[in-house]
Amino acid sequence: MNSTPARLKVCIVGASGKLGQYMVRHALDRGYEVVGVCREASVDKLDAFKDRITIVPGATDDREVIKRAVAGCDAVLTVLVPRGVHNYSTGTAQAVLDYARPAARLMFSCGYHISRDGQDVYSWKVKALVSVVGRLARLARLVDLEDQVEACRRVFASDTQWTVVRGSDLEEGDSQGLPVWSRHVGDPILKSNLTRRVDFALFMVDAIVNDSLVHEAPAIVGCQTPSALAYAVTSPR
Ligand SMILES: NC(=O)c1ccc[n+]([C@@H]2O[C@H](COP(=O)([O-])OP(=O)(O)OC[C@H]3O[C@@H](n4cnc5c(N)ncnc54)[C@H](OP(=O)(O)O)[C@@H]3O)[C@@H](O)[C@H]2O)c1
């Protein structure tokens, strides 16, 4: 009898962005079947993959688009984008929560500013930045950080198989390997506050097969950063 495991089918919501494209690449490298959702105007950003993935064009907060894209998927990786002031992130997250299979692994990306349990410790600089830049961006109707907060609140409250991955500041560059993580911003291991974007994507894709991350909100940092190297062994995680 052939016991080859079935090929995993993975939906990437927000596939055309920088993080999204890295996730597509990692998922294909692992032999997964990939369905990518991106805005109609961005479909050509996925040209490099077009023969190897299924693309579902449309706004990621369009419930019908998401329903179609996540059908039959074992995992859904969602880039939560707090763009505009019309609850784009919340609409995207809610559609994924509503339409993904109950047993599907769901990963959502966001930043350190999201707190699951209020135990994160932020420097005054970060607090000021989030408050001032957040307000200015909302006034300019560009970005609404509160939308990402609400999206994550709904994810945390759901009974799905979720993981919310909280990214540090990001940089480009070759992969350094799987980032390390901690439950709370402010923990010494995260002090360097820097991750390669390609490795943020790696963490999202790797989480598909890491059940210990179910119902966790890992804050990640590059595994080669000074704080990761200094604290990785002793960190309680
Ligand atoms: N940038 C950082 O320093 C940073 C730090 C920590 C965490 N994060 C998290 O990482 C994730 C992605 O970050 P990233 O910087 O790498 O960005 P990214 O991958 O380039 O993602 C940007 C996403 O936003 C979409 N987008 C752009 N303009 C839009 C609009 N007007 N309306 C709707 N969607 C729009 C893009 O879609 P199109 O391709 O269609 O334009 C793309 O899917 C987010 O969850 C973010 O919270 C970022």
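Residues numbered from 1 in each chain as written. Predicted model: local features only at pLDDT ≥ 70, side-chain atom pairs only at ≥ 80, totals over all residues.

- Per an unreviewed UniProt entry, the protein chain goes by NAD(P)-dependent oxidoreductase and derives from Tenggerimyces flavus.

## Side note on the packing of helix 3 (residues 88-99) against helix 5 (residues 145-157)
Next up, step 1: One way to put it is that helix 3 packs onto helix 5 with a least axis distance of 7 Å and a crossing angle of 20°. Considering their axes alone, helix 3 and helix 5 lie roughly parallel with respect to each other. The two elements helix 3 and helix 5 meet at a crossing, and its hand is right-handed. Mapping the contact onto sequence places Y88, S89, T90, A93, Q94 and L97 in helix 3 and D147, Q148, E150, A151, R154 and V155 in helix 5.
Next up, step 2: Here the contact of helix 3 with helix 5 is composed, by residue class, of five nonpolar, four polar and three charged. (Axes fitted to C-alpha atoms, helices over the stretch in contact; angles between N-to-C directions. Helix = DSSP H or I, 4+ residues; strand = E, 2+ residues; numbered from the N terminus. Parallel < 35°, antiparallel > 145°, perpendicular 65-115°, else oblique. Left-handed = near helix turned anticlockwise from the far one by under 90°. Contact = placed C-beta atoms within 7 Å. Nonpolar A, V, L, I, M, F, W, Y, C, P; charged D, E, K, R; others polar.)

## Describing the site of the ligand
Next up, step 1: In the vicinity of the ligand, 23 residues are found, and the nearest of them are S16, G17, L19, S42 and G167.
Next up, step 2: Elements with a contribution of two residues or more to the shell around the ligand: helix 1 (18-29), strand 5 (105-111) and strand 7 (169-171). (Near = placed C-beta within 6 Å.)

## Quick word on the packing of helix 2 (residues 63-70) against helix 3
Two packed helices can be described by the angle between their axes and the distance between those axes.
Next up, step 1: Their axes nearest at 9 Å, the elements helix 2 and helix 3 cross at an angle of 45°. The angle between helix 2 and helix 3 places the two elements in the oblique class. Handedness of the helix 2/helix 3 crossing: right-handed. Counted together, R63, I66, K67 and V70 of helix 2 and A95, V96 and Y99 of helix 3 form the full contact between these two elements.
Next up, step 2: Considered class by class, the residues forming the contact of helix 2 with helix 3 number five nonpolar, no polar and two charged.

## Brief notes about helix 2
Next up, step 1: All of the buried residues along helix 2 are V65, I66, A69 and V70. Within helix 2, the buried residues cover an arc of 110° as seen down the axis, which keeps them to one side.
Next up, step 2: For helix 2, the elements touching its buried residues are strand 1 (9-13), strand 2 (33-38), strand 3 (54-57), strand 4 (75-79) and helix 3. (Buried ≥ 20, exposed ≤ 12 C-beta atoms within 10 Å, placed from the backbone. Arc of directions from axis to C-beta.)

## Considering the pairing of strand 4
Remark: a regular strand shows side chains that alternate across the two faces of the sheet.
Next up, step 1: Along strand 4, five of the five residues are buried, which leaves the element largely enclosed by surrounding structure.
Next up, step 2: Where burial is concerned, the two faces of strand 4 agree: the one with A75, L77 and V79 and the one with V76 and T78 are both buried.
Next up, step 3: Judged from the four bridges that link them, strand 1 and strand 4 form a sheet pairing that is parallel. Paired with I12 across the two strands is L77, which belongs to strand 4.
Next up, step 4: Bridging between strand 4 and strand 5 involves five bridges; their strand directions are parallel. Opposite L77, over in strand 5, you have M107 as the bridge partner. (Pairing = 2+ DSSP bridges.)

## A look at helix 3
It helps to recall that an α-helix has 3.6 residues per turn; residues three or four apart then point in one direction.
Next up, step 1: With twelve residues, helix 3 should reach 16 Å at 1.5 Å per residue; the first-to-last C-alpha distance of 17 Å fits that figure.
Next up, step 2: The buried fraction of helix 3 amounts to nine of the twelve residues, a majority that puts the element mostly inside the structure.
Next up, step 3: Buried within helix 3 are the following residues: Y88, S89, T90, T92, A93, A95, V96, L97 and Y99.
Next up, step 4: If you follow the buried residues of helix 3, they end up packed against strand 1, helix 2, strand 4, strand 5 and helix 5. (Expected span 1.5 Å × (residues − 1).)

## A closer look at the nonpolar core
Next up, step 1: In terms of nonpolar packing, the biggest core is built from 70 residues, with V76, V96 and F108 touching the most fellow members.
Next up, step 2: Considering each element in turn, this core owes the most residues, seven residues, to helix 6 (residues 197-206).
Next up, step 3: Among residues more than four places away in sequence, those in contact with F108 are T78, L80, A93, C152, V155, W162, V164 and V165. (Core = buried A, V, L, I, M, F, W, Y, C linked by C-beta atoms within 7 Å.)

## Some details on the environment of G173
Next up, step 1: Of note, G173 is situated in the loop between strand 7 and strand 8 (180-182).
Next up, step 2: C-alpha separation for the pair G173 and T195, spaced 22 residues apart in sequence, amounts to 9.6 Å.

## Comments concerning the pairing of strand 1
Next up, step 1: For strand 1, a buried count of four out of five residues is recorded, marking the element as mostly surrounded by other parts of the structure.
Next up, step 2: Between strand 1 and its parallel partner strand 2, the chain crosses via helix 1, and the hand of that crossover is right-handed. (Right-handed = clockwise from strand over helix to strand, strands pointing away.)

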